[in-house]
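Observations on chain architecture
Here's the letter readout for the chains.
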Amino acid sequence: MAFGFLAAIRNRHFHSLLGNIVMAFFNVLSFSLLVRMLPLTAFGEWVLFIGTYNILDQIRTALLQSGLIKFYTGVEEATARKVAGAAWYISLVLTLSYVLLSFVVYFASYPWFNDTWHFFIRWLGILTLCSLPMNFATWVLQAEHRFEKIVWVRLMQNGSFLVLLGSLYLFKQVTIQNVLYAYCTSMLLASLYCLLRRWTKVRMLFFRTKEQALELFRFGKHIVGSMVSSSLLNYSDTLIVRTMLSPAAVAIYSIPQKFMEVIEIILRSFVATAQPTISGAANRHDYGAVARAFSKYTGTVTLLILPFIIGLFLFTQPLIIILADRAYLGATDIVRIILLSAILWPLDRFIGVTLDMINLPNINFYKNFLKLILNVACDIVFVWIYTDIRSVAFASLLNVIFAAAFGYYFLKRRLDISLRDVWQLGWEESKRLLSKVRREKKEPVEV
């Protein structure tokens, strides 16, 4: 049993899951602190700012992460150095452009923003610069299947932010400006940690080549559109809610996003380990293996998240009170609507990953772009007609159904897949995992 336990915790799936659990755990704790420390309106503004930063970060991640994994994994060391160097070059150019752009926007649009957003805009670019080494290190570690190291990166960033928030509370220095300083400091600490551990491969910058940079850019440009379109879904919801309703409504709508962290933990963990697997099979032109991997991962994750969805659905209100406060119970119906849509999240997410890895990122982009257009249109129409925040959640449900159907149609044209295979392979894998756990429990402990 002891050896079985050690084998389990050394598994890359476990390390990926653990990294996401650490991130989600500290995120929920910091979220709970911020909900209680900041006024409702100020918290709504913070949510919108973090959403804006995440869009910029997602552009950078989309342009480089998948390409780095695809062209870095399983190649000769000389090629790997060129790939890492080219990725560093592109990321530095893009990040410095963010810094410059943030100051241009600050001066050009000064009359249209309040004092809070004047402050936020100045720090947007600086925040992307502070987080760059940390993010790049996680991309490299994922490509190398060193998920246990990513756990420490997550722990450093999220843990330090929580400690800094606690310090602000103890010394009665809680302001939205100080919260941003704490967040930026946590990013900087994690980045310095990665640099000291030499996980960033920043020295590979000297091995970059123009050809490799162009290859990364050509591959990543479609994924940028796809990932940013996907990220803009939540951001467009937040922006429309703030514009057509109020900042307080934004705070209410942020509650479901934290609820869904439980589902995202499982989903992100399996996506992180599936991406190199599917990419390796695609690079070998073994499309049968690609189809099997897609079906197995999609089915397994769908079955794994169902108990969590049911539990969250049944205990929504008590969990809202624990997470935030009774003032946020208005989010109950929103949470439950989004939980229903989460049943299709694995299918939608793994369709996107598989399309990217078989060199069809353009199809994934069209899927997510059309999903975004539909989301914005439905949000505006539904809120205008009903003036109810629940209509935004219902629009999200419609979007997931559309995206899953659209992506499945195009993926099925390229691969021999079926929903029956998704169910069968997922069920078989789930039974295998369960039997493994039972077998390890029954083994006697060796003295």
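Just above, that's the structure.
First, a word on scope: everything that follows refers to the structure included in this document.

Rules used throughout
Residues numbered from 1 in each chain as written. Predicted model: local features only at pLDDT ≥ 70, side-chain atom pairs only at ≥ 80, totals over all residues. Heavy atoms only, no water. Helix = DSSP H or I, 4+ residues; strand = E, 2+ residues; numbered from the N terminus. Rg over C-alpha atoms; globule rule 2.2 N^0.38 Å. Buried < 20%, exposed > 50% of the residue type's maximum accessible area, 1.4 Å probe, protein only. Contact = heavy atoms within 4.5 Å. Areas by Shrake-Rupley, 256 points an atom, 1.4 Å probe, with all protein chains shown as cover. Lys, Arg positive; Asp, Glu negative; His and termini not counted. Charge placed at Lys NZ, Arg CZ, Asp CG, Glu CD. Expected span 1.5 Å × (residues − 1). Bend = angle between axes of the 7 residues up to and from the residue. Patch = residues over 30% accessible without salt bridge, like charges linked within 9 Å, V, L, I, M, F, W, Y side chains within 5 Å. Salt bridge = Lys/Arg side-chain N within 4 Å of Asp/Glu carboxyl O. Polar contact = N/O pair within 3.5 Å; in protein donor to acceptor, adjacent residues only side chain to side chain. Axes fitted to C-alpha atoms, helices over the stretch in contact; angles between N-to-C directions. Parallel < 35°, antiparallel > 145°, perpendicular 65-115°, else oblique. Nonpolar A, V, L, I, M, F, W, Y, C, P; charged D, E, K, R; others polar. Left-handed = near helix turned anticlockwise from the far one by under 90°. Phe/Tyr/Trp six-rings, centres within 6.5 Å; stacked < 30°, edge-to-face > 60°. Lys NZ or Arg CZ within 6 Å of the ring centre and 35° of its normal.

Section: the overall build of the protein
Within the protein one finds 17 helices and 0 strands. A globule of 447 residues ought to have a C-alpha radius of gyration of about 22 Å, and the protein, at 22 Å, matches this closely. The principal-axis extent of the C-alpha atoms belonging to the protein is close to 55 × 55 × 55 Å. Looking at the protein residue by residue over its 447 residues, the buried ones come to 53%. For the protein, restricting intrachain contacts to residue pairs at least 6 apart in sequence, the fraction spanning at least 24 positions comes to 83%. About 21,000 Å² of surface is accessible on the protein, with carbon and sulfur atoms providing 66% of the total. Separation between the mean location of the 43 positive side-chain charges and that of the 26 negative ones in the protein comes to 3 Å.

A look at helix H3 (residues 40-72)
Between its first and last C-alpha atoms H3 spans 45 Å; for 33 residues at 1.5 Å apiece the expected length is 48 Å, and the two agree. Taking the largest bend as the criterion, H3 deviates by roughly 35°, centred on Thr61. The element H3 is largely enclosed, with a buried count of 27 among its 33 residues.

Structural notes on a nonpolar patch on the surface
A grouping of Ile310, Phe313, Leu314, Phe315, Leu319, Ile322, Leu340 and Ile343 is seen on the molecular surface, where their side chains present a nonpolar patch of about 760 Å² in accessible area. Counting only elements with at least two residues in the nonpolar patch, the list comes to helix H11 (287-314) and helix H12 (316-323). Considering every element that reaches the nonpolar patch, the biggest residue donor is H11, with 3 residues. Turning to its location among the elements, Phe315 is positioned in the loop between H11 and H12.

Let's talk about the side chain of Gln157
Relative to the helices and strands, Gln157 resides in helix H6 (residues 147-170). By relative accessible area, which is 8% here, Gln157 ends up buried. Here the side chain of Gln157 touches Ser186 through a polar contact of 3.1 Å, side chain to side chain. In this view, Gln157 contacts Met134, Tyr183, Ser186, Met187 and Ala190; residues no more than four positions away in its chain are not counted.

Things to note about H6
End to end, H6 covers 35 Å across 24 residues, agreeing with the expected 34 Å (1.5 Å per residue, within 8%). Looking one or two residues beyond H6, the residue adopting positive phi is Lys172, at roughly 55°.

A few points about the packing of helix H4 (residues 77-108) against helix H5 (residues 115-143)
Helix packing for two helices is described by the angle between their axes and how far apart those axes are. Look at H4 against H5: their axes get within 7 Å of each other, and the N-to-C directions meet at 170°. On the basis of their axis angle, the class for H4 and H5 is roughly antiparallel. When the residues that make up the contact of H4 with H5 are grouped by side-chain class, the tally is 17 nonpolar, 6 polar and 1 charged.

What to know about unusual backbone geometry
Residues other than glycine seldom take positive phi values, yet Lys172 does so here, at roughly 55°. Among the structural elements, Lys172 can be located in the loop between H6 and helix H7 (176-196). On the basis of relative accessibility, which here comes to 75%, the residue Lys172 falls in the exposed class. Its identity as a non-glycine residue notwithstanding, Lys201 has a phi of 60°, on the positive side. Looking at the secondary structure, you find Lys201 in the loop between H7 and helix H8 (210-244).

Brief notes about the packing of helix H10 (residues 261-283) against helix H14 (residues 345-357)
Closest axis-to-axis distance for the H10/H14 pair is 9 Å, and the angle between their directions is 25°. Viewed along their axes, H10 and H14 adopt a mutual orientation that is roughly parallel. As H10 packs across H14, the resulting crossing turns out to be right-handed. Here Ile263, Glu264, Leu267, Arg268, Phe270, Val271, Ala274, Gln275, Ile278, Ser279 and Ala282 of H10 lie close against H14, whose contacting residues are Trp345, Pro346, Arg349, Phe350, Val353, Thr354 and Met357.

Here's the deal with the packing of aromatic side chains
By the definition in use, this model includes 20 aromatic pairs. Both rings, one in Trp46 and one in Tyr183, keep their centres 6.0 Å apart while their planes meet at 90°; by these two values the pair is edge-to-face. Here Trp46 is found in helix H3, whereas its partner Tyr183 is found in helix H7, with 137 residues between them in sequence. Residue classification places Tyr183 among the buried residues on the basis of a relative accessible area of 12%. Of the aromatic side chains, those joined through ring pairs into one cluster are Trp46, Phe49, Tyr53, Phe120, Phe161 and Tyr183. Its end group placed over the ring of Phe207, Arg81 keeps NZ or CZ at 4.8 Å from the ring centre. One cation-aromatic arrangement involves Arg336 over Phe313; the distance from NZ or CZ to the ring centre is 5.4 Å.

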